[in-house]
Amino acid sequence: MLFWRVKPLDQILATAERKSLKRQLGAFQLTMLGIGAIIGTGIFVLTAEAGQKAGPAMMLAFVIAAVVCALAALAYAELAAMVPVSGSAYTYTYGVLGEGLAWAVGWALVLEYAVAACAVSVGWSGYMNGLLISAGYPLPEFLRTGPMDGGSFNLLALLIALVVTFLLVIGTSKSAKVNAVLVLIKVAALTAFIIIAIPAVQDENFKPFFPTGWGSPLGGIGVLGAAASIFFAYVGFDAVSTAAEETKNPNRNIPIGLIASLGVCTIFYLLVGYGAVGSIGSQPMLDLNGVAFHPGSPQLAEACKGSDALVCSREPLAHVLRMLGFAKWGNAIGLAAALALPSVILMMIYGQTRIFFTMSRDGLLPGILSKVHPRFHTPYVVTIITGVFVAAFAALFPVGVLADISNSGTLFAFVMVSIAVMILRKQQPNRPRPFRTPMVWLVCPLAIAGCLLLFLNLSMYTLSLFFGWAVIGLVVYAFYGYRNSDLAPGRSPPTDTPQLEPAPKFHEGPDLGP
Ligand SMILES: NC(=[NH2+])NCCC[C@H](N)C(=O)O
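Everything quoted here is computed from the prediction, not taken from an experiment.

1. Some words on the environment of Leu182
Here is step 1 of the chain: The topology assignment puts Leu182 in helix H8 (residues 176–197).
Here is step 2 of the chain: For Leu182, a relative accessible area of 11% puts it in the buried group.
Here is step 3 of the chain: The sequence separation of Leu182 and Ala340 amounts to 158 residues, and the corresponding C-alpha distance is 5.6 Å.

Structure (structure tokens):
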């Protein structure tokens, strides 16, 4: 039996009922929340990685990744509106495909969230180091990047991850107002970039357009390889669906929030990509045989020494503006990134702890993980464990590698969600669906195909890490989760779910008064 221990959707909904967070977010706030979660390291930093993989044709990569995300978002929206509870892909899978696959998804989401937090921490350090250099207080070079990236230890990435963890433990969380301000900062920074860079666009910078071709499966290079990486820049819209329990009229507002935030970001990214490529060019660094180096490899770091190519920059958007002679604006963009990226790290570590929390509540992980701090009312054990790991990996790995690993987990989860949508249409055709994926039998298979296409175009190295992680997950499940699950024979769901009080303020809206 493939789908064992399916947790009935009604039971999932009932659990959520008991937890009942305050419903206070509307469509506009959700869209802002989505944009806040989407814009981050991807566009600010991975533009360089995408350039290294595809050259000017990275513009196509931006489009391909956007299309895949839009398809996946349409599938996501149906489940999100139908099962408006926290926990995202993990919870949905539990309710449709059963515990085994739910575990697999939850385990893959660790890659998605925790490793994304690492990637964004490294991205932040790139901009912060740039600012320190401009200000005349550079860190010693070996402390600016990890060992694969030409340095030894990425000190700032480690520090920012630890600071964010500390804030989460003491329960500091962003209010919707802070989120709105940060979204404005990010959008303003990208707008300024577009306004300055696009007039400087020159045709020659697009030639050759396809220096590395389309790429081939497991190659991790070429347009498809770049799409698989830049996919990272679009992810985060699922944060909208995880806020379902805190949303007013989720059935209408969740789909609006998902699609609107994705649409706004896509337009921005295309303009930014066009400006970056067209103004200073984005030809990849090639080895003696004319083959592009892998982003995040020591060879690329070596080839990049002393180069001011876009693909070598760790703060590409600031770099472009500096190259164009707008040093002040370059620094302003750097500052915007430095201010805004920590909130993405916060969101990712927070999301990770919520997923562990839910899995532990379901008995698939030890109960200690859902232990709540008596004074701060935060799940501090799981937060500290997650934060320490995030900080360590951020200190040691390059951003491109981390982003690709994160993408492997995300793509896997998206495939599962799309499958779940189709199965549910067959199994429970009459369950109310406030949002129906349009042309589901076309959109879902296309979403799956798109995600698989990107997945396969990650590098061999990334995919081996993904499968290695999966094997560890299988072992943990076989020896722990399978026996301790609430749905295991002879066990009953706890009557009292651990409470996080006060309700997490992270998705909090403006205080509407009593
Ligand atoms: N759920 C995720 N995997 N989010 C990570 C991506 C974060 C965001 N899109 C960025 O570019 O920084």
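Read on, since the account is not over.
2. Quick notes on empty space enclosed by the protein
Here is step 1 of the chain: Counted according to the given criterion, the structure contains 3 cavities of 30 Å³ or more.
Here is step 2 of the chain: Size it by volume and the second largest cavity reaches roughly 160 Å³.
Here is step 3 of the chain: Looking at the second largest cavity, it is lined by 20 residues, and the ones nearest its centre are Ala116, Phe232, Val235, Gly236 and Met348.
Here is step 4 of the chain: Residue assignment for the lining of the second largest cavity shows that the elements contributing at least two residues are helix H2 (27–38), helix H3 (41–54), helix H6 (99–135), helix H9 (222–234), helix H10 (238–242), helix H14 (327–361) and helix H16 (399–427).
Here is step 5 of the chain: If you tally residues by element for the lining of the second largest cavity, the top one is H6, at 4 residues.
Here is step 6 of the chain: The class makeup of the residues in the lining of the second largest cavity is 11 nonpolar, 7 polar and 2 charged.

3. With respect to the side chain of Lys53
Here is step 1 of the chain: Position of Lys53 among the secondary structure elements: in helix H3.
Here is step 2 of the chain: Separated by 3.3 Å, the side chain of Lys53 and the backbone oxygen of Gly220 make a polar contact.
Here is step 3 of the chain: Engagement of the side chain of Lys53 in a polar contact is seen with the side chain of Asp404, the distance being 3.2 Å.
Here is step 4 of the chain: With residues near it in sequence (within four places) discarded, Lys53 still touches Thr212, Gly220, Ile221, Gly222, Gly225, Ala226, Ser229, Pro295 and Asp404.

4. Observations regarding the packing of aromatic side chains
Here is step 1 of the chain: One pass over the full model with this rule turns up 18 aromatic pairs.
Here is step 2 of the chain: Summarising the aromatic geometry, the rings of Phe44 and Tyr127 are spaced 5.9 Å apart at their centres and angled 85° between planes, so their arrangement reads as edge-to-face. On the criterion of sequence distance, the pair formed by Phe44 in helix H3 and Tyr127 in helix H6 is long-range, its members being 83 residues apart. For the residue pair Phe44 and Tyr127, the accessibility class agrees, reading buried in each case.
Here is step 3 of the chain: Geometrically, the ring pair formed by Phe62 and Tyr269 is edge-to-face, given 6.4 Å between the ring centres and 70° between the ring planes. Of this pair, Phe62 sits in helix H4 (residues 58–82) while Tyr269 sits in helix H11 (residues 250–280), and the two are 207 residues apart along the sequence.

5. Notes on the side chain of Arg425
Here is step 1 of the chain: The topology assignment puts Arg425 in helix H16.
Here is step 2 of the chain: A residue is classified by how much of its surface remains accessible, and Arg425, at 14% relative accessible area, is buried.
Here is step 3 of the chain: In this structure, Arg425 is in contact with Glu78, Arg433, Arg436, Thr437, Val440 and Trp441, ignoring residues within four places of it in sequence.

6. A short note on the site of the ligand
Here is step 1 of the chain: With respect to spatial proximity, 15 residues lie near the ligand, and among them Ile38, Thr41, Gly42, Glu112 and Val235 are the closest.
Here is step 2 of the chain: Between the ligand and Val235, the relevant distance is 2.7 Å, taken from a nitrogen atom to a main-chain nitrogen or oxygen of the residue.
Here is step 3 of the chain: Bound to the protein, the ligand loses 100% of the 340 Å² it would expose on its own.
Here is step 4 of the chain: Of all the cavities here, the one that holds the ligand is the second largest cavity.
Here is step 5 of the chain: Sorting the residues of the shell around the ligand by element identifies H2, H3, H6, H9, H14 and H16 as the ones contributing at least two each.
Here is step 6 of the chain: With 3 residues, the top contributor of residues to the shell around the ligand is H6.
Here is step 7 of the chain: Across the shell around the ligand, the residue classes break down as 9 nonpolar, 5 polar and 1 charged.

7. Details of the nonpolar core
Here is step 1 of the chain: Phe44, Phe193 and Tyr269 are the most contacted members of the largest nonpolar core, which totals 158 residues.
Here is step 2 of the chain: A per-element tally of this core places H4 first, with 20 residues.
Here is step 3 of the chain: Ranked by size, the runner-up nonpolar core spans 6 residues in total, among them Phe293, Cys304, Val311 and Cys312.

8. Side note on the pattern of salt bridges
Here is step 1 of the chain: Scanning all chains against the criterion turns up 6 salt bridges.
Here is step 2 of the chain: Put simply, Glu78 and Arg425 hold a salt bridge, and the shortest N to O gap is 2.6 Å. Placement of Glu78 in helix H4 and of Arg425 in helix H16 is noted, with a sequence separation of 347 residues between them. The pair Glu78 / Arg425 is uniform in exposure class, with both members buried.
Here is step 3 of the chain: As a salt-bridge pair, Glu315 and Arg322 come within 3.0 Å of each other at their nearest N and O atoms.
Here is step 4 of the chain: Owing to a relative accessible area of 24%, Arg322 belongs among the partly exposed residues under this scheme.
Here is step 5 of the chain: Several salt bridges converge on common partners, so that one network encompasses Glu78, Arg425 and Arg433.

9. Re the layout of surface pockets
Here is step 1 of the chain: Its boundaries defined by the atoms lining it, the largest pocket holds a volume of some 920 Å³.
Here is step 2 of the chain: Considering the residues around the largest pocket, the lining is formed by 42 residues, among which Thr145, Asp149, Cys312, Ser313 and Arg314 are closest to the centre.
Here is step 3 of the chain: Every element with two or more residues in the lining of the largest pocket is listed here: H3, H6, helix H12 (298–303), helix H13 (316–323) and H16.
Here is step 4 of the chain: Per element, the largest residue contribution to the lining of the largest pocket is 8 residues, and it comes from H6.
Here is step 5 of the chain: Across the lining of the largest pocket, the residue classes tally to 14 nonpolar, 18 polar and 10 charged.
Here is step 6 of the chain: Around the second largest pocket, the lining is made up of 23 residues, and of these Val110, Ala114, Phe389, Phe393 and Trp469 lie nearest the centre.
Here is step 7 of the chain: Elements with a contribution of two residues or more to the lining of the second largest pocket: H6, H14, helix H15 (380–396), H16 and helix H18 (460–484).
Here is step 8 of the chain: Grouping the amino acids of the lining of the second largest pocket by side-chain chemistry returns 21 nonpolar, 2 polar and no charged.

10. Things to note about H16
Here is step 1 of the chain: Across its 29 residues, H16 extends 42 Å between first and last C-alpha, which sits within 8% of the 42 Å expected from 1.5 Å per residue.
Here is step 2 of the chain: With 25 of its 29 residues buried, H16 lies for the most part within the structure.

11. Some details on the packing of H4 against helix H5 (residues 88–96)
Here is step 1 of the chain: At a minimum axis separation of 11 Å, H4 and H5 run at an interaxial angle of 70°. Here H5 runs roughly perpendicular to H4, going by the angle between their axes. Residues Tyr76, Leu79 and Ala80 of H4 form the contact with H5, whose participating residues are Ser88, Ala89 and Tyr92.

What counts and how
Residues numbered from 1 in each chain as written. Predicted model: local features only at pLDDT ≥ 70, side-chain atom pairs only at ≥ 80, totals over all residues. Heavy atoms only, no water. Helix = DSSP H or I, 4+ residues; strand = E, 2+ residues; numbered from the N terminus. Buried < 20%, exposed > 50% of the residue type's maximum accessible area, 1.4 Å probe, protein only. 1 Å grid on protein atoms, 1.4 Å probe; cavity = no way out; pocket = protein on both sides within 12 Å on 5 of 7 lines; lining within 4 Å. Points joined across faces, edges and corners; volume = space filled by probe spheres on them. Nonpolar A, V, L, I, M, F, W, Y, C, P; charged D, E, K, R; others polar. Polar contact = N/O pair within 3.5 Å; in protein donor to acceptor, adjacent residues only side chain to side chain. Contact = heavy atoms within 4.5 Å. Phe/Tyr/Trp six-rings, centres within 6.5 Å; stacked < 30°, edge-to-face > 60°. Near = heavy atom within 4 Å. Areas by Shrake-Rupley, 256 points an atom, 1.4 Å probe, with all protein chains shown as cover. Sits in = over half its atoms within 2 Å of the grid points. Core = buried A, V, L, I, M, F, W, Y, C linked by side-chain atoms within 4.5 Å. Salt bridge = Lys/Arg side-chain N within 4 Å of Asp/Glu carboxyl O. Expected span 1.5 Å × (residues − 1). Axes fitted to C-alpha atoms, helices over the stretch in contact; angles between N-to-C directions. Parallel < 35°, antiparallel > 145°, perpendicular 65-115°, else oblique.

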